[in-house]
Amino acid sequence: MTVRFGIIGLGNRGYKYALRTIQKHQGAEIFMVCDTFGHHFHHFPQALTTNDYQEVLDHPEVDAIFIATPDDTHAEIILAAIKANKHILCEKPLEISDEKVTKIETALENYDKAFEVGYVLRYARTYSKVKELITSGIIGQVIMANVIDHVQYGGYAYFHDWHRTRQKSTSLLLQKATHSLDLINWYVNSRPEKVVAFGDLMVFGEVGAIEKFGKPVPDDLHCGNCPISDTCEESIQNLAKEKNIAWSEHWPDNCVFNSEVDVDDHQTVMIYYANKAKATYQLCQFAAFYKREFHFFGTKGELYFDDVSNTIVVTDRLKSETLTYQNNHQETNMEPGDEEQLQDFLDAIHTGKTPVSNLESSVLAGKLALAAQRSIDHETIEII
Ligand SMILES: NC(=O)c1ccc[n+]([C@@H]2O[C@H](COP(=O)([O-])OP(=O)(O)OC[C@H]3O[C@@H](n4cnc5c(N)ncnc54)[C@H](O)[C@@H]3O)[C@@H](O)[C@H]2O)c1
């Protein structure tokens, strides 16, 4: 049976995932697309279009929806989609507050349609191989983990668009780090119980403006009207060039040094798990290069991998033997894990199986990130 999709939110993530992954799958069809501003409608000439997501939910021929709107809109759309009895694939994170995460969790109790969350790295080959290795017991029980997210270019868009205010995203721990926090939970295979964290805004926002210009920049400063955007290393044009991304007229270009920026640009987090495992996690938005690094210490050995070399190194503690696994798979124009994530969602629709990235795991990832930000704000150890 072909699953007919309604896509809600055709921004950076929504249109790419719809075009490159959903549209290409033989078992899926894009029946309707929805975006407040009509972004990227032209990519889907065969689909019905609307600016109102309720029209997607009301359409009897839409079987499943993909939600790729900003994080603070997910609860509202999920709750409406439950009423409309649709299968739901929602982008991560679930939502931006504990209250809204709990609301979603409660509303989905006993829901008999598929529900999956876009923690796509669980599906990417290197990451799923790590899960397979750890589950096989190759390094014994995981007792300690050390994970770093290096994000260069100010996280590209994190400080140019809605991600940069707490009102819209709460914390970049929830928006960006949530992938890695979810993976740590998955690999440690236990429930995070306590968290303590430190973080600050020291490079972007007003503090960065004072460092760079000696004073705050005007609130309405955009790269488009900025006299130094040609030379500014943070301008959206220069970042696009550096990252070899085609310039998009839709890409937000608010100055990263505007005073409204109030999310932290670096964080250090320590997590204690129910099975006594301990993890440290660091997110740096002003790193010199982009890399996710994971290091696990188990009772029988260590496992290290990163997503740049795509190499997993396992070292036996007693024999000092090292095994190396190299992922040489070349992704085409999909992001790693995109196709596998969609397949898991379609399988959940057809067979009723629980997806690999499911409600329970995404609630835990969200609550961990939210508790870590609370710990930063209140200088407390937070119980999750
Ligand atoms: N899994 C991943 O790797 C990944 C990558 C990027 C983004 N994301 C997630 O995808 C979601 C979207 O992020 P983005 O970067 O594409 O944001 P974006 O701002 O580029 O796009 C959001 C789109 O949603 C539209 N929109 C907003 N409110 C709407 C509403 N009520 N109804 C219909 N359309 C609406 C906007 O017009 C915009 O086009 C976020 O939750 C983000 O966390 C996930």
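Basis of the calculations
- Residues numbered from 1 in each chain as written.
- Predicted model: local features only at pLDDT ≥ 70, side-chain atom pairs only at ≥ 80, totals over all residues.
- Pairing = 2+ DSSP bridges.
- Helix = DSSP H or I, 4+ residues; strand = E, 2+ residues; numbered from the N terminus.
- Axes fitted to C-alpha atoms, helices over the stretch in contact; angles between N-to-C directions.
- Contact = placed C-beta atoms within 7 Å.
- Buried ≥ 20, exposed ≤ 12 C-beta atoms within 10 Å, placed from the backbone.
- Right-handed = clockwise from strand over helix to strand, strands pointing away.
- UniProt positions renumbered as here; feature names shortened; annotations may be inferred.
- Near = placed C-beta within 6 Å.
- Domains from an automatic or database assignment.
- Expected span 1.5 Å × (residues − 1).

Per an unreviewed UniProt entry, the protein goes by Oxidoreductase and derives from Enterococcus aquimarinus.

1. Digging into the sheet that holds strand β2 (residues 28–34)
Strand pairing in a sheet relies on backbone hydrogen bonds. The paired strands run either parallel or antiparallel. The strand order across the open sheet formed by six strands is β3-β2-β1-β4-β5-β6, and the pairing between neighbours is parallel. Each edge of the open sheet carries a strand with a single partner, namely β3 (48–50) and β6 (115–117). Strand-to-strand twist across the sheet, computed as the mean angle between neighbouring axes with direction ignored, equals 20 degrees. In this sheet, β3 lies alongside β2 in parallel orientation, the contact comprising three bridges. Among the inter-strand pairings, M32 is bridged to a residue of β3, identified as L48. Lying on the sheet, helix α11 (residues 338–351) is in contact with β1 (3–8), β2, β4 (64–67), β5 (87–90) and β6; it crosses β6 at an angle near 165 degrees.

2. Focus on the environment of T2
Its place among the elements puts T2 in the segment before β1. Owing to 12 C-beta atoms within 10 Å, T2 belongs among the exposed residues under this scheme. The spacing of T2 and Q167 is 165 residues in sequence and 39 Å in space, taken between C-alpha atoms. In this structure, T2 is in contact with G27, A28 and E29, ignoring residues within four places of it in sequence.

3. Concerning the pairing of β1
Of all six residues that make up β1, five are buried, and the element is covered over most of its length. In this structure, β1 lies alongside β2, joined through six bridges in parallel fashion. Its bridge partner being in β2, G6 is matched across the sheet by M32. Note on the crossover from β1 through helix α1 (residues 12–22) to β2: the handedness is right-handed.

4. Comments concerning the UniProt feature "domain: Gfo/Idh/MocA-like oxidoreductase N-terminal" (unreviewed entry) in the protein
As recorded in UniProt, the sites labelled "domain: Gfo/Idh/MocA-like oxidoreductase N-terminal" (unreviewed entry) are residues 3–119. Secondary structure across residues 3–119 divides into 32% helix and 23% strand, with the first and last C-alpha atoms of the span separated by 21 Å.

5. Digging into the site of the ligand
Around the ligand lies a shell of 25 residues, among which G9, G11, N12, R13 and E91 are the nearest. Of all the elements, α1 adds the most residues to the shell around the ligand, at three residues. Mapped onto the domain boundaries, the shell around the ligand takes at least three residues apiece from domain 1 (3–119) and domain 2 (122–204 + 262–383).

6. A word on helix α12 (residues 359–378)
Here α12 is 20 residues long and its end C-alpha atoms lie 28 Å apart, about the 28 Å a rise of 1.5 Å per residue gives. In terms of burial, α12 is a largely internal element, 14 of the 20 residues being buried. One or two steps after α12, the chain reaches E379, where phi turns positive at roughly 55 degrees.

7. Examining unusual backbone geometry
Following K92, the chain continues into P93 via a peptide bond in cis, with omega recorded as -15 degrees. One can find P93 in the loop between β5 and α4 (98–107). The backbone of K276 shows a phi angle near 75 degrees, a positive value even though the residue is not glycine. The residue K276 is located in the loop between β9 (266–273) and β10 (278–284) in this model.

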